[in-house]
Structures are given as structure tokens and as C-alpha cells.
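Here are the chains, one letter per residue:
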Amino acid sequence: MNIFEQHESEVRGYCRSFPAVFASAKGAWMTDNKGRRYLDFFSGAGVLNYGHNPDKIKQALLAYLVRDGITHTLDMYSEAKEAFIQRFHDVILQPRGLSYKFQFPGPTGTNAVEAALKLARKATGREQVVGFTNAFHGMTLGALAVTGNGFKRAGAGVSLNHATSMPFDGYMGTDTDTLDYFESMIIDGGSGMELPAAVILETVQAEGGVNVASVEWIRRLREITARHGIVLIVDDIQVGCGRTGHFFSFEEAGIVPDMVTLSKSLSGYGLPLALVLIKPELDQWAPGEHNGTFRGHCPAFVTGTAALSFWTNTLLQDAVGQKSALAFDRLHQMLKRQGVEAPVRGRGLIQGVEFAEPGLATRISQACFERGLIIETAGIDDQVLKLLPSLTIKEGELLHGLDTIETSLQAVLRQDMRKAA
Ligand SMILES: *Cc1c(COP(=O)(O)O)cnc(C)c1O
């Protein structure tokens, strides 16, 4: 029994799928304490969009630490925060014609979601919020109430209130526009549903199985929510910061949400940092009404500011488009070659392959790990193999990882054939 199994709580999760003791990492590669290297197609669940320890960001952090730049300020003003807000405004918001106030909640994604939901309730004076089937928004009670996963919900130990679940795009099959149902529930005085304060949306449900909302569906949801004065929150914690190609995942649909939550890759370095972007008229907080000890950690502001250099031109965005097409292509080819029918979904560099056979995606993920590739599963039954490589991964590395997936898939299918024989 290792020290983790001996002393760490049973709650530990990812280490069970990837039981190595990691020591260092660079770019798309992680190295364990035995010197074994793993190609990373997981990227810390979308925290490491720019890869592990990217040099330019690391240099900015080191320089800041060496000059004794201030580390902790609660939410007092700091040069580091000033530079981040200015840069984010100049590089991200202004060129997109977006106008938002910045709220830095506690440093995790779930805290950003809690803040957004609280503020939507306060601003509208209404209680109910709407989440979607198979959504994932975090583990604290407010965020959990709009999360689909029954196992995680049950972990709350109390009833999760003031939230309603609506069918996500495609949930009722391809012939049904689930927004017809949502709109009826809102318009019809007999529906039994109160007018919600907010709707919270992931444009691509990353944890929930790489379910992709179509741009038409996203646009229509924006229209419906706008018409009824419902706050539209886009939770871009996992698929923002360039994961789908554009900086924000909703840009392709051309909509403007009322609030946006960001976290995972926002600091660009794996340092915890979260942000709620709020339309100015909704910024109805009283001073200190939502607080937290680690609201905007200065080293994370420094790395987050440096990371925005990736967004001063379209090089990264274009590269994501190319690598995305390459990966989709290779996935389709390998499934065909191996004689497996499985839908491939995604947008940009988040891609999922859904396997009908129970347990198959998990076994492929395990076979990949044995061959030096870290790749996760998603979906309520872990039925989706989920590709989440860094956006900066080299084409050769991407192809190497895709080859490993094919070899692993083939090995798992062969095992099954042997068992059947
Ligand atoms: C990870 C995630 C969260 C929660 O973030 P934490 O930092 O784990 O609290 C919320 N929403 C989405 C879409 C996420 O992927």
C-alpha cells in the first residue's frame, strides 16, 4: 500500500485511473518518479491549454517571484491585477466588442458558478435557475443543483433546491428541438414552472460526455432568455480559453451572454484563478457581499496576463482549427479500420468518441495509459473517450497520441475476440 492509499481519503479519483507518481512535466509530456514519460491528452481537465510549464509564462512568473512581487492581497488592488484586467480588456473584450465587469471570486470554477447564480438571483429577484441534462458546474451546493450527475448530486446529502433541469440539445433525439419544450414551459402559465432567474449553459458539455450544442440552438436559447428577461450564464470554465478555437466557446454562435464564468486555463499555468464576467447593468453586488480569501491570486494574475499573448493574433486559433480537423479525420479513419461504429463529437480540440458497449471506453483509456498516453473518459457511464490535448501540442505528438488510441482500441477488441472464441 502506498502512502496515498494509506493516508489519503477514499475520495481521491483520477489517481485511480492513472496510478503513477508524477514528478515533472513539459509541453505535452508528463514524467513520473520512475522516469517514465506520458503524452498528455487530458491537460488537467482543460487547465493546461498552453501545455505544461510553458516557457514564456514561466519566465514572467519567475521574474515576479524574484522581485518579491506581492503574492497575496485578498481583493486589494495590486499591480498584478491591474495589468491582468487591462490586458484582458485590450486583448479579449475590446476586439470582440464585449463590455463586462470583472468579478474575481475564490479561485475555483465552482466558486465562479456560485457567484454567478447568486448574482442572477439577486438581480432578478427570482429563485429558480435552469441547468441542462448532463451538465457539470461544480461540487458546491448551488453549482451541484444545476449539475446532472445523480451520483455527484447524491453526495450533497441534502436536497438540492431552486433548480430545474431542462433537456440539452439532442437529448430527445435529432428530430426534437428541446428548446420547443423549454419555451413552452416558460410561456405556458399552466406549465408548473416558475420563471427562472437564470439559465446556465455549457456550449460543449465536457464532463457530461462531449455533447455539443449547435450554434442554431445556442442562438435560439439566447433569444428566448433575452425575450423573457432570464440571465444567460455561459459556463466556459472547461471549453473557454481557446479550447473550441475561439477564446470564448460562444463566439462561433455570435451570441453575447449576460455572464460568463472562466477558470481552468485562465491562469495559463495551472495556478488557481477564476473570473465572472458580468454585464455592467447586472453588477448589483453590494461591497463584500460575496467574498473569499483567495480572490485573484497575484502569481495567477501574472501568468494569466502572460498567457494572453497567445491571443494577440490568430495563430493559436488557426492551429486549433487545423489540429481539430486532423484529429477528427484520424478518429473517423481508425474507427472505420477497426470496424467500430461510434459517434465522434466535439468542437475544436475537445473531442469525444461514444462507445455503446459498457466499459469499453474505460478499458481503452486504461490500455492507453499502459502505452504511455493519459486520456480520460466522460459521460454518465464513462462511455465517452474524451480527447483534451493541449492547444499547443505539436502535430507529431497529436498523431502519436492518436496512433496510441488506435493501438489500444485494437488491443482491447482483440482481448474481446479471444474471450468470445
Ligand atoms: C471544472 C468545471 C467546473 C468546476 O470547477 P472547479 O475548479 O472544479 O470547481 C465548473 N464548470 C465546468 C464546465 C467545469 O468543467
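Residues numbered from 1 in each chain as written. Predicted model: local features only at pLDDT ≥ 70, side-chain atom pairs only at ≥ 80, totals over all residues. Heavy atoms only, no water.

Asker: Can you help me understand the site of the ligand in this one?
Answerer: Thr108, Gly109, Thr110, Phe136, His137, Gly138, Glu202, Asp235, Ile237, Gln238 and Lys264 make up every residue found near the ligand. A distance of 2.8 Å is found between an oxygen atom of the ligand and a backbone nitrogen or oxygen belonging to Thr110. At 3.4 Å from a nitrogen atom of the ligand is found a main-chain nitrogen or oxygen belonging to Phe136. A per-class count over the shell around the ligand returns two nonpolar, six polar and three charged. (Near = heavy atom within 4 Å. Polar contact = N/O pair within 3.5 Å; in protein donor to acceptor, adjacent residues only side chain to side chain. Nonpolar A, V, L, I, M, F, W, Y, C, P; charged D, E, K, R; others polar.)

Asker: What exactly am I supposed to notice about the environment of Leu385 here?
Answerer: Examined against the element boundaries, Leu385 turns out to sit in strand 17 (residues 384-387). Residue Leu385 is classed as buried on the basis of its relative accessible area of 1%. Taking C-alpha positions, Leu385 is 7.5 Å from Thr362, a pair spaced 23 residues apart along the chain. Ignoring anything within four residues of it in the chain, the contact list for Leu385 reads Gln351, Gly352, Val353, Phe355, Ala361, Ile364, Ser365, Ile375, Glu376 and Ile405. (Helix = DSSP H or I, 4+ residues; strand = E, 2+ residues; numbered from the N terminus. Buried < 20%, exposed > 50% of the residue type's maximum accessible area, 1.4 Å probe, protein only. Contact = heavy atoms within 4.5 Å.)

Asker: Just to check I follow, could you spell out the sheet that holds strand 13 (residues 344-347) for this structure?
Answerer: Sheets are built from strands paired through backbone hydrogen bonds, the pairs being either parallel or antiparallel. Strand order across the open sheet formed by four strands is 13-14-17-16, with antiparallel pairing between neighbours. The open sheet has two free edges, formed respectively by strand 13 and strand 16 (376-378), since each of these has just one partner strand. Direction aside, neighbouring strands of the sheet carry axes that sit 30° apart on average. Here strand 14 (residues 350-354) pairs with strand 17 via four bridges, running antiparallel. Following the sheet pairing, Gln351 is matched in strand 17 by Leu387. Running at roughly 175° to strand 13, helix 12 (residues 315-337) makes contact with strand 13, strand 14 and strand 17 of the sheet. (Pairing = 2+ DSSP bridges. Axes fitted to C-alpha atoms, helices over the stretch in contact; angles between N-to-C directions.)

Asker: Would you take a moment to explain a nonpolar patch on the surface for this structure?
Answerer: The grouping of Ile3, Phe4 and Val21 at the surface amounts to a nonpolar patch, some 260 Å² of accessible area in total. With respect to the helices, strands and loops of the structure, Val21 is situated in the loop between helix 2 (14-17) and strand 1 (22-26). (Patch = residues over 30% accessible without salt bridge, like charges linked within 9 Å, V, L, I, M, F, W, Y side chains within 5 Å. Areas by Shrake-Rupley, 256 points an atom, 1.4 Å probe, with all protein chains shown as cover. Salt bridge = Lys/Arg side-chain N within 4 Å of Asp/Glu carboxyl O.)

Asker: Can you help me understand unusual backbone geometry in this one?
Answerer: As a rule of thumb, non-glycine residues mostly have phi less than zero, and peptide bonds are mostly trans rather than cis. Despite not being glycine, Asn53 has its phi angle at roughly 45°, a positive value. The topology assignment puts Asn53 in the loop between helix 3 (43-46) and helix 4 (55-66). Not every positive phi belongs to a glycine, and Asp382 is a case in point at roughly 50°. For Asp382, the position within the fold is in the loop between strand 16 and strand 17.

Asker: What's the story with the domain arrangement of the protein in this structure? I'm lost.
Answerer: By a widespread convention, an interface's size corresponds to the accessible area lost as its parts come together. Taken domain by domain, the protein consists of domain 1 (3-54 + 314-420) and domain 2 (57-311). Taking only C-alpha atoms, the centre of domain 1 and the centre of domain 2 are 26 Å apart. Counting from both sides, the interface comprises 32 residues of domain 1 and, opposite them, 36 residues of domain 2. For the interface between domain 1 and domain 2, the tally reads two salt bridges. One can count 17 residue pairs in polar contact (both at pLDDT 80 or more) joining domain 1 with domain 2. (Domains from an automatic or database assignment.)

Asker: When you look at the nonpolar core in this model, what are you seeing that I'm missing?
Answerer: The tendency in soluble globular proteins is for nonpolar side chains to be buried side by side. Phe88, Phe182, Phe248 and Leu262 are the most contacted members of the largest nonpolar core, which has 58 residues in total. When residues of this core are assigned to domains, at least three map to each of domain 1 (3-54 + 314-420) and domain 2 (57-311). Setting aside chain neighbours within four positions, we find Phe88 in contact with Leu93, Phe102, Phe247, Phe248, Leu262, Leu266, Leu275, Leu277 and Leu308. Formed by 29 residues, the second largest nonpolar core is a distinct cluster that contains Phe41, Phe328, Ala361 and Leu398. (Core = buried A, V, L, I, M, F, W, Y, C linked by side-chain atoms within 4.5 Å.)

Asker: What should I look at first to understand the side chain of Ser265 in this one?
Answerer: Take Ser265: it is sitting in the loop between strand 11 (259-262) and strand 12 (275-278). Within polar-contact distance, the side chain of Ser265 engages the backbone oxygen of Val47 at 2.7 Å. Leave out the neighbours within four places in its chain, and Ser265 touches Gly46, Val47, Leu48, Asn49, Tyr50 and Cys241.

Asker: Would you explain the sheet that holds strand 4 (residues 101-103) in this entry?
Answerer: In spatial order, the strands read 4-12-11-10-7-5-6; together these seven strands make up an open sheet with mixed pairing. This sheet does not close on itself; its edge strands, each paired only once, are strand 4 and strand 6 (163-166). This sheet shows a mean twist of 25° between the axes of neighbouring strands, independent of strand direction. Pairing geometry for strand 5 (residues 129-132) and strand 7 (residues 198-201), over two bridges, is parallel. For Val129, the partnering residue across the bridge sits in strand 7 and is Ala198.

Asker: Just checking my understanding: could you explain the pattern of salt bridges for this structure?
Answerer: Pairing is possible between side chains that carry opposite charge, provided their charged atoms lie close to one another. Counted according to the given criterion, the structure contains 21 salt bridges. Put simply, Arg220 and Glu183 hold a salt bridge, and the shortest N to O gap is 2.9 Å. Of this pair, Arg220 sits in helix 10 (residues 215-227) while Glu183 sits in helix 9 (residues 178-187); the two residues are 37 residues apart in sequence, bridging distant segments of the chain. Glu406 is the salt-bridge partner of Arg337, the closest N and O atoms lying 2.8 Å from each other. Here the residue Arg337 occupies a position in helix 12, and Glu406 occupies one in helix 14 (residues 395-420), the gap between them amounting to 69 residues. On the basis of relative accessibility, which here comes to 52%, the residue Arg337 falls in the exposed class. When its relative accessible area of 9% is taken as the criterion, Glu406 is described as buried. When salt bridges with common partners are traced through the structure, they connect Asp177, Asp180, Glu183, Arg220 and Arg227 into a single cluster.

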